[in-house]
Amino acid sequence: MRKKIVAGNWKMNKLADEAVALASELVNIANDEVKGDVKVILCPPAIYLTTLKKYIETSPNFALAAQNCSDKASGAFTGEISAAMLQSIGIEYVLIGHSERRQYFAESNELLAAKVNIALENGISPIFCCGESLDQRQNEDYIGFVKNQISESLFHLSAEQLQKVVIAYEPIWAIGTGLTASAEQAQEMHAALRAHLAGKYGSEVAEEISILYGGSVTAASADELFASPDIDGGLVGGASLKSREFINIIKAR
Ligand code: PGA
């Protein structure tokens with residue numbers, strides 16, 4: 001059975017006291033209200049990871065992710081954070097290839113393959129993000145485009161390594177726009193990506209990979225999205241910054 005996951009990507013939001021307040025509120029409410037085996041992964045700015053670890057440790061359902069890591073092991077790379085550093089403070093997941101990093105920091109499929117490798121070498125599970133732009137959806141083979149992102153950044157992995165990866169499909173046109181993909185649109189892509197994984201690794205492996213949907217997920221849209229057979233949870237941006245809204249999304253899972 002693949003894992004059900006709801007991840008909250010805080011991006012570059014929240015000051016220190018606000019971050020602590022949000023994380024502790026989420027853990028407290030989830031302990032009371034969230035039943036079942038859903039994994040909740042908070043992705044705060046890296047500067048808060050050590051502090052927040054203490055707050056989430058009281059709940060077995062919660063884990064932390066960094067929003068990025070370097071593709072390099074260590075050395076003269078001012079401002080960067082290595083996968084080994086994340087591992088040294090007990091971080092279990094890292095977002096790799098979020099569309100904002102691909103767009104604003106020119107991260108290529110090749111660079112992301114290197115980040116995936118170094119995360120795995122340090123025992124950290126990549127949450128690998130992929131997705132097409134509106135222009136690509138309207139004018140190109142958009143499913144082929146996303147499949148290619150996966151082939152170029154993940155298909156060098158062994159089946160055993162791939163099973164540690166979580167995939168997040170996030171159509172760029174749905175991120176932060178209020179335009180959620182319909183459950184049909186998301187399911188179409190998720191099924192195509194799972195078939196793509198099955199073509200390379202076999203269906204048994206593909207069936208074990210959690211594929212999350214991201215892009216303007218709200219409590220109102222989560223039920224229908226998460227009911228789709230190939231959607232195993234969500235990567236939530238804006239709505240993860242409000243405790244009640246995020247808890248309701250977790251409960252939809
Ligand atoms: P959004 O962001 O939910 O605000 O659209 C999702 C994401 O960027 O991960």
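Refer to the preceding data block for the structure.
This text gives an overview of the structure that appears in the document. (Residues numbered from 1 in each chain as written. Predicted model: local features only at pLDDT ≥ 70, side-chain atom pairs only at ≥ 80, totals over all residues. Heavy atoms only, no water.)

Quick look at the environment of glutamate 152 now. Looking at where glutamate 152 falls in the secondary structure, it is placed in helix H7 (residues 142-154). Along the sequence, glutamate 152 and leucine 112 sit 40 residues apart, while their C-alpha atoms lie 8.8 Å from each other. Leave out the neighbours within four places in its chain, and glutamate 152 touches Asn109 and Ala113. (Helix = DSSP H or I, 4+ residues; strand = E, 2+ residues; numbered from the N terminus. Contact = heavy atoms within 4.5 Å.)

Tallied over the entire structure, the rule returns 13 salt bridges. With a shortest N-O distance of 2.8 Å, glutamate 33 and arginine 244 are connected by a salt bridge. Remark: arginine 244 occurs in helix H12 (residues 243-252) and glutamate 33 occurs in helix H1 (residues 16-33); sequence separation between them is 211 residues. Classification of glutamate 33 as partly exposed rests on a relative accessible area of 27%. (Salt bridge = Lys/Arg side-chain N within 4 Å of Asp/Glu carboxyl O. Buried < 20%, exposed > 50% of the residue type's maximum accessible area, 1.4 Å probe, protein only.)

Next up on the list: the layout of surface pockets. Where empty space is left becomes clear once a probe the size of a water molecule has been rolled over the atoms. Reported here for the largest pocket is a volume of approximately 510 Å³. Contributing to the lining of the largest pocket are 18 residues, with Met12, Gln67, Asn68, Arg101 and Phe105 lying nearest its centre. If one sorts the elements of the lining of the largest pocket by residue count, helix H4 (residues 99-104) sits on top with 3 residues. By volume, the second largest pocket amounts to about 230 Å³. What lines the second largest pocket is a set of 18 residues, and nearest its centre among them are Gly176, Ser216, Gly237, Gly238 and Ala239. Within the lining of the second largest pocket, the residues separate by chemical class into 7 nonpolar, 9 polar and 2 charged. (1 Å grid on protein atoms, 1.4 Å probe; cavity = no way out; pocket = protein on both sides within 12 Å on 5 of 7 lines; lining within 4 Å. Points joined across faces, edges and corners; volume = space filled by probe spheres on them. Nonpolar A, V, L, I, M, F, W, Y, C, P; charged D, E, K, R; others polar.)

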